[in-house]
Amino acid sequence: QQPVQSPQAVILREGEDAVINCSSSKALYSVHWYRQKHGEAPIFLMILLKGGEQKGHDKISASFNEKKQQSSLYLTASQLSYSGTYFCGTELRTGANNLFFGTGTRLTVIP
Amino acid sequence: GAGVSQSPSNKVTEKGKDVELRCDPISGHTALYWYRQSLGQGLEFLIYFQGNSAPDKSGLPSDRFSAERTGGSVSTLTIQRTQQEDSAVYLCASSLSIRGGNYGYTFGSGTRLTVV
């Protein structure tokens, strides 16, 4: 039930772009994205509810392909503040009412 | 309160002792969740509450773990006869409703449990 994230880690220079992928083997109701900085609580970024939906949050956006049970997080023109571990959380279409989180993608942005 | 409050923030306990972890969710949030995060790992689901009811306890790792929620507010996660493998950060989160809604989960800062 746990989604699979890729890549596990990525290092970017300021201004570069990155894509983080999240894939589930189960039919999904929604996908959440969170960012966690070291020693801090995960912070909610966005939720995608419908297949094909895309959302943006500053220079961070995401898409959700319901048929493929996949979501991608896009970080463009990365800033130092984007560093952290990104988690996708998936809500299943049937059954459990909690999020199942991936193992995370550690993003490091360097000057 | 303004956010999700967890206490204690750090707990060191001897193997075999019982511990209680407390979570005070955002006022009005009906859903409350407990997760466990081991060093460098993802978030492992433990249990969730809808109101005071916990419909699914299958995520609890063993019968040494239990949780309750009273008054639709504060929740306590209890670990009996702690083992070294219980060492982790225990995160609590709350949301306005099951399914997270448009605002997702709000997490507390966690309780770092170390079993020695």
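Remember, predicted model here, so these are calculated numbers, not experimental data.

**Q** Can you break down the interface of chain B and chain A residue by residue, with the values?
**A** Taken together, the contact pairs 20 residues of chain B with 20 residues of chain A. Interface of chain B and chain A: buried area, both sides summed, is about 1700 Å²; carbon and sulfur atoms make up 54% of it. Taken together, chain B and chain A are joined by zero salt bridges. The tally of links from chain B across to chain A stands at five residue pairs in polar contact (both at pLDDT 80 or more).

**Q** Residue-level account of the nonpolar core, with values.
**A** Residues and elements named next belong to chain A. Counting 24 residues, the largest nonpolar core has Trp33, Ile60, Leu73, Leu75, Tyr82, Tyr86 and Leu107 as its most contacted members. The set of elements that each furnish at least two residues to this core consists of strand S2 (9–13), strand S3 (18–23), strand S4 (28–36), strand S5 (43–48), strand S7 (60–65), strand S8 (70–75), strand S9 (84–92) and strand S11 (105–110). Those residues in contact with Tyr82 that lie beyond four places of it in its chain are Arg35, Lys37, Asp58, Lys59, Ile60, Leu75, Thr76, Ala77, Leu107 and Val109.

**Q** Lay out the side chain of His32 of chain A in plain terms, naming residues and giving numbers.
**A** Residue and element names in this part refer to chain A. The residue His32 is located in strand S4 in this model. Residue classification places His32 among the buried positions, given a relative accessible area of 0%. Within the local environment of His32, its side chain forms a polar contact with the side chain of Tyr34, the two groups lying 3.0 Å apart.

**Q** I'd like a rundown of the pairing of strand S6 (residues 65–69) of chain B, residues and numbers included.
**A** All names here are of chain B. Burial along S6 is one-sided: Phe65, Ala67 and Arg69 are buried, and none of Ser66 and Glu68, which face the opposite way, are. For S6 and strand S7 (residues 75–79), the ladder comprises five bridges, and the chain directions are antiparallel. Residue pairing in the sheet places Ser66 in a bridge with Thr78 of S7. Counted along the chain from S6 to the antiparallel partner S7, the turn is five residues long, and its residue Gly71 has a positive phi close to 60 degrees.

**Q** Summarise the state of the cysteines; cite the residues concerned and give the values.
**A** All names here are of chain A. Taken as a whole, this structure holds two disulfides over all chains when the rule is applied. Here Cys22 is linked by a disulfide to Cys88, with a sulfur-sulfur distance of 2.0 Å. Here the S-S torsion is close to 75 degrees, and the disulfide linking Cys22 with Cys88 is therefore right-handed. Remark: Cys88 occurs in strand S9 and Cys22 occurs in strand S3; sequence separation between them is 66 residues. This pair shows no difference in class: Cys22 is buried, exactly as Cys88 is.

**Q** Describe in detail the sheet that holds strand S1 (residues 5–7) of chain B, supporting the description with residues and values.
**A** Residues and elements named next belong to chain B. Overall, antiparallel pairing links the four strands, which are arranged S1-S3-S7-S6 in an open sheet. The strands lining the two open edges of the sheet, one partner per strand, are S1 and S6. Averaged over neighbouring strand pairs, the angle between their axes works out to 15 degrees when direction is ignored. Taken together, the three bridges between S1 and strand S3 (residues 19–24) define a ladder with antiparallel strand orientation. Within S3, the position partnered with Ser5 by the bridge is Asp24.

Criteria and thresholds
- Residues numbered from 1 in each chain as written.
- Chains lettered and ligands numbered in written order.
- Predicted model: local features only at pLDDT ≥ 70, side-chain atom pairs only at ≥ 80, totals over all residues.
- Heavy atoms only, no water.
- Contact = heavy atoms within 4.5 Å.
- Buried area = accessible area lost by both parts, 1.4 Å probe.
- Salt bridge = Lys/Arg side-chain N within 4 Å of Asp/Glu carboxyl O.
- Polar contact = N/O pair within 3.5 Å; in protein donor to acceptor, adjacent residues only side chain to side chain.
- Core = buried A, V, L, I, M, F, W, Y, C linked by side-chain atoms within 4.5 Å.
- Buried < 20%, exposed > 50% of the residue type's maximum accessible area, 1.4 Å probe, protein only.
- Helix = DSSP H or I, 4+ residues; strand = E, 2+ residues; numbered from the N terminus.
- Pairing = 2+ DSSP bridges.
- Disulfide = S-S within 2.5 Å.
- Axes fitted to C-alpha atoms, helices over the stretch in contact; angles between N-to-C directions.

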